[in-house]
Amino acid sequence: EPEVTQTPSHQVTQMGQEVILRCVPISNHLYFYWYRQILGQKVEFLVSFYNNEISEKSEIFDDQFSVERPDGSNFTLKIRSTKLEDSAMYFCASSPSGTADTIYFGEGSWLTVV
Amino acid sequence: GIQVEQSPPDLILQEGANSTLRCNFSDSVNNLQWFHQNPWGQLINLFYIPSGTKQNGRLSATTVATERYSLLYISSSQTTDSGVYFCAVGGGWGKLQFGAGTQVVVTP
């Protein structure tokens, strides 16, 4: 079964550093997402992306965050200047369409900011 | 936004027991998914079930969209069923609202 793949699986970074999390969505999917989960809390929506632009973003997704689809297969989340509170599991997800369809999640990237 | 409430928050089961997890949501949805988060943090898709009933092995799920709830049934539980079960709902464009989850511990 096709999978959403994410790299790295775990990254430790110093506060203030830039981080890029990478994702390869399922190949025929058109909608891409980032979610995050702070340890012990619920999974939260960050941003959705379609046709090379952001279609929706949450309040969490401020100017420190950006997303990009640099080529036909990768989808990235950049955090410009990490803060301690950015420590979380970040999930990439994709779906064939943006409405009534299964959303498939990757295995996640643990980000630890020290 | 849509509110999602899951119950119970915690569940301890002996191996072989059956259980029911519930998800209530506050508005009409066109997407409802159940996930199992394993101890390594991975979110495993269990069901896409905005309405109706589905079964997959020992797991089954039912969503009554008109009454805004969904149920996940675990039968003959095994220790590998341990983890957190999340219900997530969406009204459109892939933005899922997750519940707080049900922590399930299955003891041998």
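Up top is the structure.
Residues numbered from 1 in each chain as written. Chains lettered and ligands numbered in written order. Predicted model: local features only at pLDDT ≥ 70, side-chain atom pairs only at ≥ 80, totals over all residues. Heavy atoms only, no water.

Q: Which residues make up the overall build of chain B, and what values do they have?
A: For chain B, the helix and strand inventory stands at 0 helices and 11 strands. Counting from the amino terminus, chain B carries its helices and strands in the arrangement β-β-β-β-β-β-β-β-β-β-β. Projecting the C-alpha coordinates of chain B onto the three principal axes gives extents of approximately 40 × 25 × 20 Å. Scored against the burial criterion, the 108 residues of chain B give a buried share of 51%. Here the analysis covers contacts within chain B between residues at least 6 apart in sequence; of these, 54% occur between residues at least 24 apart. Taken as two groups, the 5 positive and 6 negative side-chain charges of chain B have centres that lie 9 Å from each other. (Helix = DSSP H or I, 4+ residues; strand = E, 2+ residues; numbered from the N terminus. Buried < 20%, exposed > 50% of the residue type's maximum accessible area, 1.4 Å probe, protein only. Contact = heavy atoms within 4.5 Å. Lys, Arg positive; Asp, Glu negative; His and termini not counted. Charge placed at Lys NZ, Arg CZ, Asp CG, Glu CD.)

Q: Can you explain the nonpolar core? Please cite residues and give values.
A: Of all hydrophobic cores here, the largest spans 22 residues; its most connected members are Leu21(B), Trp34(B), Leu72(B) and Val89(B). At the level of elements, strand E2 (10–14), strand E3 (19–25), strand E4 (31–37), strand E5 (43–48), strand E7 (59–64), strand E8 (69–74), strand E9 (83–90) and strand E11 (102–107) of chain B are the ones that each hand at least two residues to this core. Formed by 21 residues, the second largest nonpolar core is a distinct cluster that contains Leu21(A), Cys23(A), Ile26(A) and Phe75(A). (Core = buried A, V, L, I, M, F, W, Y, C linked by side-chain atoms within 4.5 Å.)

Q: Lay out the packing of aromatic side chains with the relevant residues and their values.
A: Within this structure, the stated rule accounts for 14 aromatic pairs over all chains. Summarising the aromatic geometry, the rings of Phe91(A) and Phe105(A) are spaced 6.2 Å apart at their centres and angled 75 degrees between planes, so their arrangement reads as edge-to-face. Of this pair, Phe91(A) sits in strand E9 (residues 88–95) while Phe105(A) is found in strand E10 (residues 104–105), placing the two residues 14 residues apart along the sequence. Accessibility classification places Phe91(A) together with Phe105(A) in one group, the buried group. A ring pair is formed by Phe105(A) and Phe98(B), whose centres lie 5.9 Å apart and whose planes are at 85 degrees; its orientation type is edge-to-face. Taken together, the residues span two chains, with Phe105(A) in strand E10 and Phe98(B) in strand E10 (residues 96–98). According to the relative accessible area criterion, Phe105(A) is buried, its value standing at 10%. (Phe/Tyr/Trp six-rings, centres within 6.5 Å; stacked < 30°, edge-to-face > 60°.)

Q: I'd like a description of the state of the cysteines, backed by residues and values.
A: Scanning all chains against the criterion turns up 2 disulfides over all chains. Across a sulfur-sulfur distance of 1.9 Å, Cys23(A) and Cys92(A) are joined as a disulfide pair. One disulfide, between Cys23(A) and Cys92(A), carries an S-S torsion of -65 degrees and so falls in the left-handed class. Here Cys23(A) is found in strand E3 (residues 19–24), whereas its partner Cys92(A) is found in strand E9, with 69 residues between them in sequence. Take Cys23(A): its relative accessible area is 1%, and that puts it in the buried class. Given the relative accessible area of 0%, Cys92(A) is considered buried. Here Cys23(B) pairs with Cys87(B) through a disulfide, and the sulfurs are 2.0 Å apart. In this structure, the disulfide formed by Cys23(B) and Cys87(B) twists by about -55 degrees around the S-S bond and is classed as left-handed. (Disulfide = S-S within 2.5 Å.)

Limitation: the analysis is restricted to geometry and does not speak to function.
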